[in-house]
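Inside the fold
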Amino acid sequence: MKTIAIALLAAAFALPAAADESKIQLKKADGLDKVEANCAACHSLDYIVMNSPIQDQNGWTATVTKMINVLGAPIDKADAERIVEYLSANYGKK
């Protein structure tokens, strides 16, 4: 009974916090479909916006390569290239 009460109390605090979350809307441009289909399958798209001030094309290339080779993201080569192009053009360090 105590476990159920704790779970209900935790849910009462968590639900309002979750309700305040808004969906990230990335810039509409060529390649967005590839980013949404591949990147959002594993993590929030918040990471793109958070990392954009420090990433240039080389940085995005390294990040996408790491996602594929180290973390096992199932992204084919053509999609990976489009993703890097999109991220560099729209979220690359200027």
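Here, residues in each chain are numbered from 1, in the same order as that chain's written sequence. Where totals are concerned, whole chains, interfaces and linings use all residues; where local detail is concerned, this predicted model gives features only for residues with pLDDT of at least 70, and gives and counts side-chain atom pairs only at 80 or more. Side-chain metrics in this entry use all non-hydrogen atoms of the structure; hydrogen atoms and water are not considered.

A short note on the overall build of the protein
- The helix count covers DSSP runs of H or I at least four residues long, the strand count covers runs of E at least two residues long, and both are numbered beginning at the N terminus. Summing up its helical and strand segments, the protein has 5 helices and 0 strands in all.
- Each helix (α) and strand (β) of the protein, taken in turn from the N terminus, gives the series α-α-α-α-α.
- Three labels apply to residues, based on accessible area from a 1.4 Å probe with only protein chains included: buried if under 20% of the type maximum, exposed if over 50%, partly exposed otherwise in between. Buried residues in the protein amount to 28% of all 94 residues.
- Whether two residues are in contact is decided by their heavy atoms: any pair within 4.5 Å suffices. Considering only residue pairs separated by 6 or more positions, the protein has 64% of its internal contacts joining residues 24 or more positions apart.

Overview of the environment of I68
- By secondary structure assignment, the location of I68 is in helix α4 (residues 57-69).
- C-alpha of I68 to C-alpha of A80: the two residues are 12 residues apart in sequence and 8.8 Å apart in space.
- With residues near it in sequence (within four places) discarded, I68 still touches A73, I75 and A80.

Considerations on the nonpolar core
- Remark: nonpolar core denotes a set of buried residues (Ala, Val, Leu, Ile, Met, Phe, Trp, Tyr, Cys) joined through side-chain atoms within 4.5 Å. In this structure, L26, V35, I48, I83, Y86 and L87 are the most contacted members of the largest nonpolar core, which totals 16 residues.
- When residues of this core are assigned to their parent elements, the largest contribution, 6 residues, is made by helix α5 (residues 77-91).
- Not counting the four nearest positions on each side in its chain, I48 is found in contact with L26, V35, W60, L87 and Y91.

A closer look at the pattern of salt bridges
- The term salt bridge refers to a side-chain nitrogen of Lys or Arg lying within 4 Å of a carboxyl oxygen of Asp or Glu. Counted according to the given criterion, the structure contains 2 salt bridges.
- Where D79 meets K34, a salt bridge forms, and the shortest distance between an N and an O atom there is 3.3 Å. One end of the pair, D79, is in helix α5; the other, K34, is in helix α2 (residues 32-38), with 45 residues separating them in the sequence.
- Residue D79 is classed as buried on the basis of its relative accessible area, which comes to 15%.
- Under the relative-accessibility criterion, K34 is labelled partly exposed at 28%.
- With its nearest N and O atoms 2.4 Å apart, the salt bridge here joins E85 to R82.

As for the packing of aromatic side chains
- Only the six-membered ring of Trp is used, alongside the rings of Phe and Tyr, when aromatic pairs are assigned; centres must lie within 6.5 Å, and planes under 30 degrees apart are stacked while those over 60 apart are edge-to-face, with the rest tilted. Overall, the coordinates contain 1 aromatic pair when judged by the stated rule.
- Ring plane angle 50° and centroid distance 6.1 Å describe the contact between Y86 and Y91, whose orientation is recorded as tilted. Each member of the pair, Y86 as well as Y91, is classed as buried.
- Definition used: whenever NZ (Lys) or CZ (Arg) falls within 6 Å of the ring centre and also within 35 degrees of the ring normal, the charge is taken to sit over that ring. Note that K27 overlies the ring of Y91, its terminal NZ or CZ placed 5.0 Å from the centroid.

Regarding the confidence of the model for the protein
- Per-residue confidence from the predictor is reported as pLDDT, a score between 0 and 100. The predicted model of the protein has a mean per-residue pLDDT of 85, with 77% of residues at 70 or higher.
- α5 holds the highest mean pLDDT among the elements of the protein, 97, whereas helix α1 (residues 2-19) holds the lowest, 56.

Regarding α4
- Look at α4: 18 Å from first C-alpha to last across 13 residues, which is about the 18 Å you get at 1.5 Å a residue.
- Of all the positions in α4, only G59, W60, T63 and V64 are classed as buried. The arc that holds every buried residue of α4, seen down its axis, measures 130°, which confines them to one face. Every exposed residue of α4 that faces more than 90 degrees away from the buried side is listed here: N58 and N69.
- Packing partners of the buried residues in α4 comprise α3 (46-51) and α5.
- Any pair of nitrogen or oxygen atoms within 3.5 Å is treated as a polar contact; in protein, a donor-acceptor pairing is required on top of that, and neighbouring residues in sequence qualify only through side-chain atoms on both sides. For α4, the side-chain oxygen to backbone nitrogen distance between the N-cap and N58 is 3.2 Å, and the N-cap itself is D56. One less than the residue count of a helix, multiplied by 1.5 Å, gives the span that helix is expected to have. Arc definition: it is the arc formed by the directions from the helix axis to the C-beta atoms.

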